[in-house]
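Spelled out, the chains give:
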Amino acid sequence: MPDDNSRAVDVLVIGGGNAALCAALMAREAGASVLLLEAAPREWRGGNSSHTRNLRCMHDAPQDVLTDAYPEEEFWQDLLKVTGGNTNERLARLAIRESSTCRGWMRRHGVHFQPSLSGTLQLSRTNAFFMGGGKALVNAYYRSAAALGVEIRYGAPVDRLEVADGQFQAAWVGKERIAARACVMAAGGFESNREWLREAWGQNADGEWPADNFAIRGTRYNQGVLLKQMMSAGADFIGDPSQSHCVAIDARAPLYDGGICTRIDCVSLGIVVNKFAQRFYDEGEDFWPKRYAIWGRLVAQQPGQVGYSVIDAKAVGRFMPPVFPGAKADTLEHLARQLGLDEAAFVRTVGEYNAGCRVGSFDHTALDDCHTEGVSPAKTHWALPLDTAPFYAYPLKPGITFTYLGLKVNEQAAVHFAGRPSRNLFVAGEMMAGNVLGRGYTAGVGMTIGTVFGRIAGAQAAQAAMNQGVHHAGA
Ligand SMILES: Cc1cc2nc3c(=O)[nH]c(=O)nc-3n(C[C@H](O)[C@H](O)[C@H](O)COP(=O)(O)OP(=O)(O)OC[C@H]3O[C@@H](n4cnc5c(N)ncnc54)[C@H](O)[C@@H]3O)c2cc1C
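Predicted model only: the values in this text are computed from it and were never measured.

Trainee: Lay out the overall build of the protein with the relevant residues and their values.
Mentor: A count of helical and extended segments in the protein gives 12 helices and 21 strands. Radius of gyration (C-alpha) of the protein: 24 Å, near the 23 Å computed for a compact globule of 475 residues. By principal-axis analysis of the C-alpha atoms, the protein measures approximately 85 × 50 × 40 Å. The buried share of the protein, reckoned over its 475 residues, is 51%. Residue pairs in contact within the protein that sit at least 24 positions apart in sequence constitute 76% of those at least 6 positions apart.

Trainee: Which residues make up the domain arrangement of the protein, and what values go with them?
Mentor: By the assigned domains, the protein splits into domain 1 (5–189 + 224–242 + 404–474) and domain 2 (246–399). In this complex, domain 1 contributes 6 residues to the contact, which on the side of domain 2 involves 5 residues. A per-class count over the side of domain 1 that touches domain 2 returns 2 nonpolar, 3 polar and 1 charged.

Trainee: Break down the sheet that holds strand β5 (residues 127–130) for me, with residues and values.
Mentor: Pairing in this open sheet of 3 strands is antiparallel, and the strands run β3-β5-β4 from one edge to the other. With one partner strand each, in any of the chains shown, β3 (54–56) and β4 (113–114) form the two edges of the open sheet. In terms of strand pairing, β3 meets β5 through 3 bridges, oriented antiparallel. In the sheet register, Asn54 faces β5, and the bridge partner there is Phe129.

Trainee: Could you give an account of the environment of Ser100, naming the residues involved and the relevant values?
Mentor: Looking at where Ser100 falls in the secondary structure, it is placed in the loop between α3 (89–98) and α4 (102–108). Here the alpha-carbon distance between Ser100 and Asp60, two residues 40 residues apart in the chain, equals 8.7 Å. Among all residues touching Ser100, those that are not within four sequence positions of it are Cys57, Met58 and His59.

Trainee: Before we move on, can you summarise the environment of Ala443 with the specific residues and values?
Mentor: Structurally, Ala443 can be placed in the loop between β21 (420–427) and α12 (445–474). Among the residues examined, Ala443 registers 21 C-beta atoms within 10 Å and is labelled buried. Setting aside chain neighbours within four positions, we find Ala443 in contact with Arg56, Leu123, Asn127 and Pro289.

Trainee: Could you give an account of unusual backbone geometry, with specific residues and numbers?
Mentor: With the exception of glycine, the majority of residues adopt a negative phi angle, and the majority of peptide bonds are in the trans configuration. Ser376 connects to Pro377 through a cis peptide bond whose omega is -5°. Residue position: Pro377 is located in the loop between β17 (371–372) and β18 (391–403). One non-glycine residue with positive phi stands out, namely Asp165, at about 50°. Position of Asp165 among the secondary structure elements: in the loop between β7 (160–164) and β8 (167–173). At Ala418, a position not held by glycine, the phi torsion is positive, near 45°. On the secondary structure map, Ala418 appears in the loop between β20 (414–417) and β21.

Trainee: Provide a residue-level description of the site of the ligand, including the pertinent values.
Mentor: Near the ligand lie 44 residues; those nearest to it are Gly17, Gly47, Gly218, Gly429 and Gly446. Those elements giving two or more residues to the shell around the ligand turn out to be α1 (18–29), β3, α7 (225–232), β18 and α12. Broken down by element, the shell around the ligand gets its largest block of residues, 4 residues, from α12. Across the shell around the ligand, the residue classes tally to 18 nonpolar, 22 polar and 4 charged.

Trainee: Could you give an account of the pairing of β20, naming the residues involved and the relevant values?
Mentor: With 3 bridges connecting them, β20 and β21 associate as antiparallel partners. Among the inter-strand pairings, Phe417 is bridged to a residue of β21, identified as Arg420.

Trainee: Could you give me a rundown of α7, with the residues and numbers involved?
Mentor: Here α7 has its buried residues at Leu226, Leu227, Gln229 and Met230. In an axial view of α7, the angular spread of the buried residues amounts to 160°, which keeps them on one side of the axis. Turning to α7, the residues buried within the fold contact β1 (9–14), β7, β9 (176–185), β19 (406–407) and β20. Gly234, located one to two residues past α7, shows a positive phi value of around 85°.

Trainee: Go over the nonpolar core, please, and point to the residues and values.
Mentor: In terms of nonpolar packing, the biggest core is built from 144 residues, with Val11, Ala23, Val184, Val427, Ala428 and Ala461 touching the most fellow members. Ranked by residues supplied to this core, first place goes to α12 with 12 residues. In this structure, this core is formed jointly by two domains, domain 1 (5–189 + 224–242 + 404–474) and domain 2 (246–399), each of which donates at least three residues.

Thresholds, definitions, all that
- Residues numbered from 1 in each chain as written.
- Predicted model: local features only at pLDDT ≥ 70, side-chain atom pairs only at ≥ 80, totals over all residues.
- Helix = DSSP H or I, 4+ residues; strand = E, 2+ residues; numbered from the N terminus.
- Rg over C-alpha atoms; globule rule 2.2 N^0.38 Å.
- Buried ≥ 20, exposed ≤ 12 C-beta atoms within 10 Å, placed from the backbone.
- Contact = placed C-beta atoms within 7 Å.
- Domains from an automatic or database assignment.
- Nonpolar A, V, L, I, M, F, W, Y, C, P; charged D, E, K, R; others polar.
- Pairing = 2+ DSSP bridges.
- Near = placed C-beta within 6 Å.
- Arc of directions from axis to C-beta.
- Core = buried A, V, L, I, M, F, W, Y, C linked by C-beta atoms within 7 Å.

What follows is the structure, encoded as C-alpha coordinates:
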(Lines give C-alpha, C1' and ligand atoms only; values in the text may rest on other atoms or scores of the structure.)
Protein backbone atom coordinates (compact mmCIF):
# COMPACT_ATOMS: atom_id res chain seq x y z
CA MET A 1 0.00 0.00 0.00
CA PRO A 2 1.27 3.51 -0.71
CA ASP A 3 2.43 5.39 2.36
CA ASP A 4 0.31 8.49 1.95
CA ASN A 5 0.45 9.50 5.62
CA SER A 6 1.99 12.80 4.59
CA ARG A 7 -1.40 13.73 3.10
CA ALA A 8 -3.42 12.05 5.82
CA VAL A 9 -5.67 13.81 8.29
CA ASP A 10 -4.76 13.44 11.92
CA VAL A 11 -7.99 11.85 13.08
CA LEU A 12 -10.55 10.00 11.00
CA VAL A 13 -13.93 9.57 12.70
CA ILE A 14 -16.23 6.95 11.21
CA GLY A 15 -19.90 7.45 12.04
CA GLY A 16 -22.18 10.43 12.40
CA GLY A 17 -24.14 10.01 15.65
CA ASN A 18 -23.55 11.24 19.17
CA ALA A 19 -20.40 9.23 19.89
CA ALA A 20 -18.76 10.17 16.59
CA LEU A 21 -19.56 13.85 17.00
CA CYS A 22 -18.27 13.95 20.58
CA ALA A 23 -15.05 12.33 19.39
CA ALA A 24 -14.68 14.68 16.42
CA LEU A 25 -15.24 17.77 18.58
CA MET A 26 -12.76 16.67 21.24
CA ALA A 27 -10.09 15.75 18.70
CA ARG A 28 -10.51 19.09 16.95
CA GLU A 29 -10.41 20.98 20.25
CA ALA A 30 -7.13 19.23 20.98
CA GLY A 31 -5.70 20.70 17.77
CA ALA A 32 -6.00 17.73 15.41
CA SER A 33 -7.29 17.96 11.87
CA VAL A 34 -10.44 15.84 11.70
CA LEU A 35 -12.41 14.19 8.93
CA LEU A 36 -15.80 12.68 9.81
CA LEU A 37 -17.40 10.12 7.48
CA GLU A 38 -21.15 9.65 7.86
CA ALA A 39 -22.75 6.81 5.87
CA ALA A 40 -26.11 8.54 5.73
CA PRO A 41 -26.97 11.46 3.47
CA ARG A 42 -27.17 14.80 5.26
CA GLU A 43 -30.96 14.64 5.79
CA TRP A 44 -30.67 11.29 7.59
CA ARG A 45 -27.51 12.09 9.54
CA GLY A 46 -27.19 11.38 13.24
CA GLY A 47 -27.98 7.67 13.50
CA ASN A 48 -29.97 6.39 16.44
CA SER A 49 -28.79 9.38 18.45
CA SER A 50 -31.23 11.58 16.56
CA HIS A 51 -34.10 9.54 18.08
CA THR A 52 -33.02 9.99 21.69
CA ARG A 53 -34.44 12.22 24.37
CA ASN A 54 -32.08 12.21 27.33
CA LEU A 55 -28.92 11.08 29.04
CA ARG A 56 -28.50 9.66 32.51
CA CYS A 57 -26.31 11.78 34.80
CA MET A 58 -24.78 11.33 38.20
CA HIS A 59 -25.08 14.35 40.52
CA ASP A 60 -24.70 14.86 44.26
CA ALA A 61 -27.12 17.78 44.59
CA PRO A 62 -29.81 19.41 42.42
CA GLN A 63 -28.22 20.64 39.17
CA ASP A 64 -30.09 22.85 36.67
CA VAL A 65 -32.68 20.49 35.11
CA LEU A 66 -31.92 17.60 37.48
CA THR A 67 -33.76 17.34 40.78
CA ASP A 68 -32.48 16.00 44.11
CA ALA A 69 -29.34 13.82 43.90
CA TYR A 70 -28.27 10.73 41.98
CA PRO A 71 -24.97 9.68 43.53
CA GLU A 72 -22.35 7.46 41.93
CA GLU A 73 -23.22 4.49 44.10
CA GLU A 74 -26.91 4.56 43.22
CA PHE A 75 -26.18 4.86 39.49
CA TRP A 76 -23.73 1.96 39.81
CA GLN A 77 -26.26 -0.19 41.69
CA ASP A 78 -28.88 0.55 39.02
CA LEU A 79 -26.45 -0.54 36.33
CA LEU A 80 -25.47 -3.64 38.28
CA LYS A 81 -29.12 -4.59 38.64
CA VAL A 82 -30.14 -4.21 34.99
CA THR A 83 -27.01 -5.91 33.66
CA GLY A 84 -27.11 -8.73 36.19
CA GLY A 85 -23.40 -8.05 36.79
CA ASN A 86 -22.61 -8.16 33.08
CA THR A 87 -20.57 -4.97 33.25
CA ASN A 88 -16.98 -3.86 33.74
CA GLU A 89 -16.97 -1.93 37.00
CA ARG A 90 -13.94 0.22 36.17
CA LEU A 91 -15.37 1.36 32.86
CA ALA A 92 -18.87 1.70 34.26
CA ARG A 93 -17.70 3.91 37.13
CA LEU A 94 -15.66 5.98 34.69
CA ALA A 95 -18.79 6.57 32.60
CA ILE A 96 -20.83 7.36 35.70
CA ARG A 97 -18.34 9.90 37.07
CA GLU A 98 -17.80 11.61 33.74
CA SER A 99 -21.58 11.90 33.29
CA SER A 100 -21.61 14.45 36.09
CA THR A 101 -19.34 16.89 34.29
CA CYS A 102 -20.08 16.52 30.58
CA ARG A 103 -23.10 18.82 30.38
CA GLY A 104 -21.11 22.04 30.58
CA TRP A 105 -19.10 20.91 27.54
CA MET A 106 -22.28 19.83 25.74
CA ARG A 107 -23.81 23.27 26.34
CA ARG A 108 -20.72 24.96 24.94
CA HIS A 109 -21.38 23.04 21.73
CA GLY A 110 -24.97 24.23 21.53
CA VAL A 111 -26.95 21.52 23.33
CA HIS A 112 -29.82 22.81 25.47
CA PHE A 113 -31.51 20.93 28.27
CA GLN A 114 -35.03 21.02 29.59
CA PRO A 115 -36.77 19.58 32.65
CA SER A 116 -38.58 16.29 32.00
CA LEU A 117 -42.19 16.67 30.88
CA SER A 118 -45.28 14.99 32.31
CA GLY A 119 -45.18 11.32 31.34
CA THR A 120 -41.45 11.24 32.06
CA LEU A 121 -41.51 12.87 35.50
CA GLN A 122 -40.18 9.71 37.11
CA LEU A 123 -36.89 10.46 35.30
CA SER A 124 -36.50 14.07 36.46
CA ARG A 125 -33.92 13.07 39.08
CA THR A 126 -31.77 10.81 36.95
CA ASN A 127 -32.03 11.97 33.33
CA ALA A 128 -31.30 15.30 31.64
CA PHE A 129 -33.61 15.84 28.64
CA PHE A 130 -32.38 17.48 25.44
CA MET A 131 -34.40 20.48 24.34
CA GLY A 132 -35.70 19.45 20.91
CA GLY A 133 -34.60 15.84 21.48
CA GLY A 134 -31.66 14.01 19.95
CA LYS A 135 -32.26 15.61 16.56
CA ALA A 136 -31.54 19.05 18.00
CA LEU A 137 -28.49 17.70 19.85
CA VAL A 138 -27.06 16.17 16.70
CA ASN A 139 -27.76 19.34 14.69
CA ALA A 140 -26.02 21.45 17.34
CA TYR A 141 -22.94 19.22 17.29
CA TYR A 142 -22.76 19.29 13.48
CA ARG A 143 -22.97 23.08 13.52
CA SER A 144 -20.27 23.33 16.13
CA ALA A 145 -18.04 20.81 14.34
CA ALA A 146 -18.34 22.69 11.05
CA ALA A 147 -17.57 25.99 12.80
CA LEU A 148 -14.44 24.48 14.35
CA GLY A 149 -13.24 23.20 10.99
CA VAL A 150 -14.08 19.52 11.18
CA GLU A 151 -14.43 18.24 7.62
CA ILE A 152 -17.70 16.34 7.25
CA ARG A 153 -18.62 14.02 4.42
CA TYR A 154 -22.12 12.59 4.06
CA GLY A 155 -23.09 9.55 2.02
CA ALA A 156 -19.66 8.13 2.82
CA PRO A 157 -20.10 4.57 4.11
CA VAL A 158 -16.79 2.97 5.02
CA ASP A 159 -16.77 -0.55 3.64
CA ARG A 160 -13.24 -1.67 4.46
CA LEU A 161 -10.52 -0.96 7.00
CA GLU A 162 -6.81 -1.57 6.74
CA VAL A 163 -5.31 -2.59 10.03
CA ALA A 164 -1.77 -3.93 10.39
CA ASP A 165 -0.32 -5.24 13.64
CA GLY A 166 -3.22 -3.74 15.54
CA GLN A 167 -2.60 -0.26 14.11
CA PHE A 168 -5.05 1.60 11.91
CA GLN A 169 -3.74 2.44 8.43
CA ALA A 170 -6.65 3.56 6.27
CA ALA A 171 -10.37 3.28 5.58
CA TRP A 172 -11.95 2.67 2.20
CA VAL A 173 -15.13 4.25 0.88
CA GLY A 174 -15.70 2.38 -2.35
CA LYS A 175 -12.54 2.85 -4.38
CA GLU A 176 -11.22 5.72 -2.31
CA ARG A 177 -8.52 5.06 0.27
CA ILE A 178 -8.52 7.45 3.21
CA ALA A 179 -5.44 7.33 5.42
CA ALA A 180 -5.25 8.88 8.88
CA ARG A 181 -2.82 8.90 11.77
CA ALA A 182 -5.54 7.77 14.16
CA CYS A 183 -9.11 6.60 13.89
CA VAL A 184 -12.23 6.57 16.02
CA MET A 185 -14.93 4.11 15.02
CA ALA A 186 -18.42 5.11 16.18
CA ALA A 187 -20.66 3.46 13.62
CA GLY A 188 -23.33 1.90 15.88
CA GLY A 189 -24.31 -1.76 16.27
CA PHE A 190 -25.55 -4.13 13.58
CA GLU A 191 -29.25 -3.74 14.34
CA SER A 192 -30.14 -2.51 10.84
CA ASN A 193 -28.57 -5.53 9.14
CA ARG A 194 -31.45 -8.02 8.73
CA GLU A 195 -29.24 -10.68 7.24
CA TRP A 196 -26.91 -10.61 10.23
CA LEU A 197 -29.88 -10.62 12.63
CA ARG A 198 -31.26 -13.67 10.82
CA GLU A 199 -27.86 -15.35 11.12
CA ALA A 200 -27.55 -14.49 14.82
CA TRP A 201 -31.09 -15.38 15.86
CA GLY A 202 -31.82 -18.28 13.55
CA GLN A 203 -35.08 -20.12 13.09
CA ASN A 204 -37.48 -20.70 15.99
CA ALA A 205 -39.33 -23.90 16.89
CA ASP A 206 -42.20 -22.98 14.53
CA GLY A 207 -39.85 -22.73 11.57
CA GLU A 208 -40.11 -18.93 11.56
CA TRP A 209 -37.24 -16.48 11.17
CA PRO A 210 -38.05 -13.97 13.94
CA ALA A 211 -35.75 -11.33 12.44
CA ASP A 212 -38.06 -11.09 9.41
CA ASN A 213 -40.90 -9.71 11.51
CA PHE A 214 -38.93 -7.12 13.46
CA ALA A 215 -38.90 -3.40 12.81
CA ILE A 216 -35.74 -1.36 13.39
CA ARG A 217 -36.64 1.59 15.59
CA GLY A 218 -33.75 3.74 14.45
CA THR A 219 -31.48 4.31 11.48
CA ARG A 220 -31.12 1.97 8.52
CA TYR A 221 -27.39 2.74 8.29
CA ASN A 222 -26.08 0.74 11.26
CA GLN A 223 -25.20 -2.32 9.21
CA GLY A 224 -22.33 -3.51 11.39
CA VAL A 225 -19.81 -3.23 8.58
CA LEU A 226 -17.02 -2.09 10.91
CA LEU A 227 -17.84 -4.76 13.48
CA LYS A 228 -17.46 -7.39 10.75
CA GLN A 229 -14.21 -5.78 9.60
CA MET A 230 -12.87 -5.85 13.15
CA MET A 231 -13.79 -9.52 13.48
CA SER A 232 -11.73 -10.29 10.40
CA ALA A 233 -8.89 -8.17 11.75
CA GLY A 234 -8.86 -10.27 14.95
CA ALA A 235 -9.96 -7.58 17.41
CA ASP A 236 -11.21 -8.56 20.87
CA PHE A 237 -14.98 -8.64 21.23
CA ILE A 238 -17.44 -8.56 24.07
CA GLY A 239 -21.13 -9.54 24.19
CA ASP A 240 -23.44 -11.95 22.52
CA PRO A 241 -24.65 -11.32 18.95
CA SER A 242 -28.03 -12.88 19.73
CA GLN A 243 -28.73 -10.25 22.41
CA SER A 244 -30.51 -7.02 21.59
CA HIS A 245 -32.62 -4.36 23.23
CA CYS A 246 -36.09 -4.66 21.80
CA VAL A 247 -39.47 -3.31 22.79
CA ALA A 248 -43.07 -3.86 21.69
CA ILE A 249 -44.01 -1.29 19.09
CA ASP A 250 -47.03 -0.69 16.91
CA ALA A 251 -47.06 -3.35 14.19
CA ARG A 252 -47.83 -0.60 11.66
CA ALA A 253 -44.51 1.16 12.37
CA PRO A 254 -42.22 1.66 9.38
CA LEU A 255 -39.37 -0.79 8.89
CA TYR A 256 -36.79 1.88 9.90
CA ASP A 257 -36.76 5.12 11.87
CA GLY A 258 -40.18 4.82 13.55
CA GLY A 259 -38.54 6.23 16.69
CA ILE A 260 -40.17 6.54 20.08
CA CYS A 261 -43.67 7.53 18.97
CA THR A 262 -44.44 3.99 17.78
CA ARG A 263 -43.98 2.48 21.24
CA ILE A 264 -47.18 1.09 22.81
CA ASP A 265 -47.37 2.10 26.46
CA CYS A 266 -50.80 0.81 27.55
CA VAL A 267 -49.81 -2.82 28.16
CA SER A 268 -50.04 -2.56 31.96
CA LEU A 269 -53.53 -1.01 31.72
CA GLY A 270 -55.18 -3.93 29.91
CA ILE A 271 -54.31 -7.34 28.55
CA VAL A 272 -52.13 -8.58 25.70
CA VAL A 273 -53.17 -11.52 23.53
CA ASN A 274 -51.42 -13.39 20.74
CA LYS A 275 -52.84 -14.27 17.33
CA PHE A 276 -54.80 -17.12 18.91
CA ALA A 277 -56.42 -14.58 21.26
CA GLN A 278 -54.57 -16.09 24.24
CA ARG A 279 -52.85 -14.11 27.00
CA PHE A 280 -49.21 -15.11 27.53
CA TYR A 281 -47.60 -12.99 30.28
CA ASP A 282 -48.37 -10.94 33.40
CA GLU A 283 -49.11 -7.47 31.99
CA GLY A 284 -48.96 -5.95 35.48
CA GLU A 285 -45.67 -7.43 36.66
CA ASP A 286 -43.96 -4.13 37.44
CA PHE A 287 -44.03 -0.44 36.58
CA TRP A 288 -44.12 0.05 32.83
CA PRO A 289 -40.84 2.00 32.56
CA LYS A 290 -39.10 -0.96 34.22
CA ARG A 291 -40.85 -3.55 32.09
CA TYR A 292 -41.32 -2.10 28.61
CA ALA A 293 -38.05 -3.55 27.39
CA ILE A 294 -39.08 -7.16 28.04
CA TRP A 295 -42.17 -6.98 25.83
CA GLY A 296 -40.31 -6.94 22.53
CA ARG A 297 -38.86 -10.33 23.33
CA LEU A 298 -42.16 -11.65 24.71
CA VAL A 299 -43.97 -10.72 21.50
CA ALA A 300 -41.07 -12.12 19.47
CA GLN A 301 -41.64 -15.50 21.13
CA GLN A 302 -45.30 -15.60 20.01
CA PRO A 303 -46.38 -17.25 16.74
CA GLY A 304 -45.89 -14.83 13.86
CA GLN A 305 -44.21 -12.38 16.30
CA VAL A 306 -47.45 -10.46 16.80
CA GLY A 307 -49.53 -9.45 19.80
CA TYR A 308 -52.49 -7.18 20.54
CA SER A 309 -52.62 -4.77 23.46
CA VAL A 310 -56.28 -4.45 24.48
CA ILE A 311 -57.75 -1.76 26.76
CA ASP A 312 -61.15 -0.31 27.48
CA ALA A 313 -62.39 3.27 27.85
CA LYS A 314 -61.16 3.48 31.47
CA ALA A 315 -57.51 3.40 30.34
CA VAL A 316 -57.78 6.36 27.98
CA GLY A 317 -55.81 9.34 29.29
CA ARG A 318 -53.65 7.18 31.56
CA PHE A 319 -50.83 6.55 29.06
CA MET A 320 -48.95 8.38 26.33
CA PRO A 321 -50.95 7.67 23.16
CA PRO A 322 -48.92 6.21 20.30
CA VAL A 323 -48.79 7.80 16.88
CA PHE A 324 -51.29 5.47 15.19
CA PRO A 325 -54.88 5.33 16.46
CA GLY A 326 -55.96 1.97 17.90
CA ALA A 327 -58.72 -0.21 16.53
CA LYS A 328 -61.91 0.91 18.27
CA ALA A 329 -65.21 -0.95 18.76
CA ASP A 330 -68.29 -0.90 20.95
CA THR A 331 -68.25 -4.63 21.53
CA LEU A 332 -65.51 -7.18 22.08
CA GLU A 333 -66.82 -9.19 19.12
CA HIS A 334 -66.41 -6.21 16.79
CA LEU A 335 -62.94 -5.55 18.11
CA ALA A 336 -61.90 -9.18 17.50
CA ARG A 337 -63.25 -8.97 13.94
CA GLN A 338 -61.27 -5.80 13.23
CA LEU A 339 -58.10 -7.49 14.48
CA GLY A 340 -58.74 -10.67 12.52
CA LEU A 341 -58.86 -12.73 15.74
CA ASP A 342 -61.16 -15.65 16.44
CA GLU A 343 -64.19 -13.94 18.02
CA ALA A 344 -65.22 -16.73 20.34
CA ALA A 345 -61.68 -17.28 21.61
CA PHE A 346 -61.15 -13.57 22.19
CA VAL A 347 -64.44 -13.12 24.05
CA ARG A 348 -63.64 -16.18 26.16
CA THR A 349 -60.15 -14.88 27.05
CA VAL A 350 -61.49 -11.46 28.07
CA GLY A 351 -64.39 -13.09 29.93
CA GLU A 352 -62.05 -15.32 31.96
CA TYR A 353 -59.75 -12.41 32.71
CA ASN A 354 -62.67 -10.20 33.77
CA ALA A 355 -64.06 -12.92 36.04
CA GLY A 356 -60.62 -13.33 37.65
CA CYS A 357 -60.13 -9.63 38.47
CA ARG A 358 -60.01 -8.82 42.18
CA VAL A 359 -60.36 -5.06 42.19
CA GLY A 360 -58.95 -3.18 45.17
CA SER A 361 -57.84 0.45 45.04
CA PHE A 362 -56.53 1.10 41.55
CA ASP A 363 -53.34 3.20 41.55
CA HIS A 364 -51.19 3.20 38.43
CA THR A 365 -48.40 5.03 40.27
CA ALA A 366 -47.96 2.21 42.82
CA LEU A 367 -47.81 -1.58 42.69
CA ASP A 368 -51.48 -1.66 43.65
CA ASP A 369 -53.66 -4.48 44.94
CA CYS A 370 -55.81 -4.96 41.80
CA HIS A 371 -54.91 -8.48 40.68
CA THR A 372 -56.39 -11.63 39.20
CA GLU A 373 -57.14 -14.97 40.80
CA GLY A 374 -57.61 -18.28 39.03
CA VAL A 375 -56.36 -16.97 35.70
CA SER A 376 -53.19 -18.12 34.00
CA PRO A 377 -51.01 -16.19 33.54
CA ALA A 378 -51.98 -14.02 36.47
CA LYS A 379 -52.05 -10.24 36.20
CA THR A 380 -50.51 -9.11 39.47
CA HIS A 381 -51.27 -5.36 39.51
CA TRP A 382 -53.64 -2.87 37.86
CA ALA A 383 -56.08 -5.65 36.94
CA LEU A 384 -59.40 -3.98 36.11
CA PRO A 385 -62.05 -5.79 34.06
CA LEU A 386 -62.35 -4.79 30.42
CA ASP A 387 -66.02 -3.85 30.66
CA THR A 388 -66.41 -0.26 29.52
CA ALA A 389 -66.94 0.51 25.82
CA PRO A 390 -65.45 1.64 23.60
CA PHE A 391 -62.73 -1.01 23.53
CA TYR A 392 -59.38 -0.35 21.87
CA ALA A 393 -56.55 -2.52 20.59
CA TYR A 394 -53.09 -1.90 19.18
CA PRO A 395 -51.27 -4.54 17.12
CA LEU A 396 -47.74 -5.18 18.43
CA LYS A 397 -44.50 -6.36 16.88
CA PRO A 398 -40.95 -6.38 18.25
CA GLY A 399 -38.93 -3.26 17.54
CA ILE A 400 -35.16 -3.56 17.83
CA THR A 401 -33.35 -0.62 19.41
CA PHE A 402 -29.74 -1.82 19.32
CA THR A 403 -27.54 -4.90 19.47
CA TYR A 404 -25.09 -5.60 22.29
CA LEU A 405 -22.13 -7.10 20.47
CA GLY A 406 -19.16 -4.75 20.73
CA LEU A 407 -15.41 -4.27 20.85
CA LYS A 408 -13.45 -4.63 24.07
CA VAL A 409 -11.90 -1.40 25.33
CA ASN A 410 -9.90 0.02 28.21
CA GLU A 411 -10.21 3.43 29.94
CA GLN A 412 -8.63 5.03 26.85
CA ALA A 413 -11.33 3.57 24.55
CA ALA A 414 -8.60 1.71 22.65
CA VAL A 415 -9.52 -1.29 20.49
CA HIS A 416 -7.72 -4.43 21.67
CA PHE A 417 -6.03 -7.20 19.69
CA ALA A 418 -5.23 -10.36 21.65
CA GLY A 419 -5.39 -8.35 24.86
CA ARG A 420 -3.13 -5.54 23.64
CA PRO A 421 -4.49 -2.03 23.12
CA SER A 422 -4.04 -0.43 19.73
CA ARG A 423 -1.99 2.77 19.72
CA ASN A 424 -4.16 4.57 17.17
CA LEU A 425 -7.52 2.83 16.83
CA PHE A 426 -10.30 3.79 19.21
CA VAL A 427 -14.00 3.04 19.46
CA ALA A 428 -17.01 4.70 21.08
CA GLY A 429 -20.77 4.46 21.48
CA GLU A 430 -22.85 1.46 20.60
CA MET A 431 -19.83 -0.30 19.08
CA MET A 432 -18.38 -0.70 22.60
CA ALA A 433 -21.36 -0.10 24.91
CA GLY A 434 -21.34 -3.83 25.80
CA ASN A 435 -18.31 -3.22 28.05
CA VAL A 436 -20.57 -1.25 30.39
CA LEU A 437 -23.99 -2.57 29.44
CA GLY A 438 -23.57 -6.25 28.69
CA ARG A 439 -27.27 -6.90 29.11
CA GLY A 440 -30.51 -5.07 30.00
CA TYR A 441 -31.03 -1.35 29.87
CA THR A 442 -31.72 1.65 31.98
CA ALA A 443 -33.06 4.77 30.29
CA GLY A 444 -30.48 7.29 29.12
CA VAL A 445 -27.38 5.17 29.60
CA GLY A 446 -26.75 4.74 25.84
CA MET A 447 -26.13 8.46 25.48
CA THR A 448 -24.06 8.53 28.67
CA ILE A 449 -21.73 5.85 27.31
CA GLY A 450 -21.56 7.48 23.87
CA THR A 451 -20.81 10.92 25.26
CA VAL A 452 -18.22 9.79 27.78
CA PHE A 453 -16.34 7.34 25.57
CA GLY A 454 -16.78 9.50 22.47
CA ARG A 455 -15.01 12.31 24.28
CA ILE A 456 -12.28 10.00 25.59
CA ALA A 457 -11.75 8.39 22.17
CA GLY A 458 -11.51 11.79 20.45
CA ALA A 459 -8.95 13.10 22.91
CA GLN A 460 -6.91 9.89 22.77
CA ALA A 461 -6.98 9.79 18.97
CA ALA A 462 -5.76 13.38 18.79
CA GLN A 463 -2.93 12.50 21.16
CA ALA A 464 -2.03 9.40 19.14
CA ALA A 465 -2.03 11.42 15.91
CA MET A 466 0.24 14.07 17.42
CA ASN A 467 2.68 11.40 18.57
CA GLN A 468 2.70 9.85 15.10
CA GLY A 469 2.94 13.24 13.42
CA VAL A 470 6.16 13.96 15.30
CA HIS A 471 7.45 10.52 14.38
CA HIS A 472 6.64 11.05 10.69
CA ALA A 473 8.03 14.56 10.55
CA GLY A 474 11.31 13.21 11.87
CA ALA A 475 11.35 10.13 9.62
C1 LIG B 1 -35.93 5.10 19.11
C2 LIG B 1 -34.73 5.17 20.00
C3 LIG B 1 -34.76 5.95 21.15
C4 LIG B 1 -33.66 6.00 21.99
N5 LIG B 1 -33.70 6.83 23.09
C6 LIG B 1 -32.62 6.94 23.88
C7 LIG B 1 -32.57 7.91 24.93
O8 LIG B 1 -33.49 8.71 25.14
N9 LIG B 1 -31.43 7.94 25.70
C10 LIG B 1 -30.37 7.11 25.48
O11 LIG B 1 -29.39 7.18 26.21
N12 LIG B 1 -30.37 6.23 24.46
C13 LIG B 1 -31.46 6.12 23.66
N14 LIG B 1 -31.43 5.26 22.60
C15 LIG B 1 -30.17 4.51 22.34
C16 LIG B 1 -29.20 5.48 21.66
O17 LIG B 1 -29.75 5.87 20.43
C18 LIG B 1 -27.82 4.89 21.43
O19 LIG B 1 -27.31 4.35 22.60
C20 LIG B 1 -26.84 5.97 20.94
O21 LIG B 1 -27.47 6.85 20.06
C22 LIG B 1 -25.67 5.35 20.26
O23 LIG B 1 -24.88 6.35 19.69
P24 LIG B 1 -23.82 6.00 18.59
O25 LIG B 1 -23.20 7.28 18.19
O26 LIG B 1 -22.97 4.89 19.05
O27 LIG B 1 -24.68 5.39 17.38
P28 LIG B 1 -25.62 6.12 16.31
O29 LIG B 1 -26.21 7.36 16.85
O30 LIG B 1 -26.58 5.10 15.82
O31 LIG B 1 -24.63 6.54 15.16
C32 LIG B 1 -24.03 5.61 14.30
C33 LIG B 1 -23.61 6.37 13.08
O34 LIG B 1 -22.71 5.60 12.30
C35 LIG B 1 -23.05 5.75 10.93
N36 LIG B 1 -22.50 4.57 10.25
C37 LIG B 1 -22.86 3.29 10.37
N38 LIG B 1 -22.06 2.50 9.60
C39 LIG B 1 -21.19 3.32 8.98
C40 LIG B 1 -20.11 3.11 8.07
N41 LIG B 1 -19.79 1.89 7.62
N42 LIG B 1 -19.42 4.19 7.61
C43 LIG B 1 -19.72 5.44 8.04
N44 LIG B 1 -20.73 5.69 8.92
C45 LIG B 1 -21.44 4.64 9.39
C46 LIG B 1 -24.56 5.86 10.93
O47 LIG B 1 -25.04 6.45 9.76
C48 LIG B 1 -24.77 6.74 12.16
O49 LIG B 1 -24.63 8.10 11.85
C50 LIG B 1 -32.51 5.22 21.71
C51 LIG B 1 -32.47 4.45 20.54
C52 LIG B 1 -33.57 4.43 19.69
C53 LIG B 1 -33.50 3.61 18.42
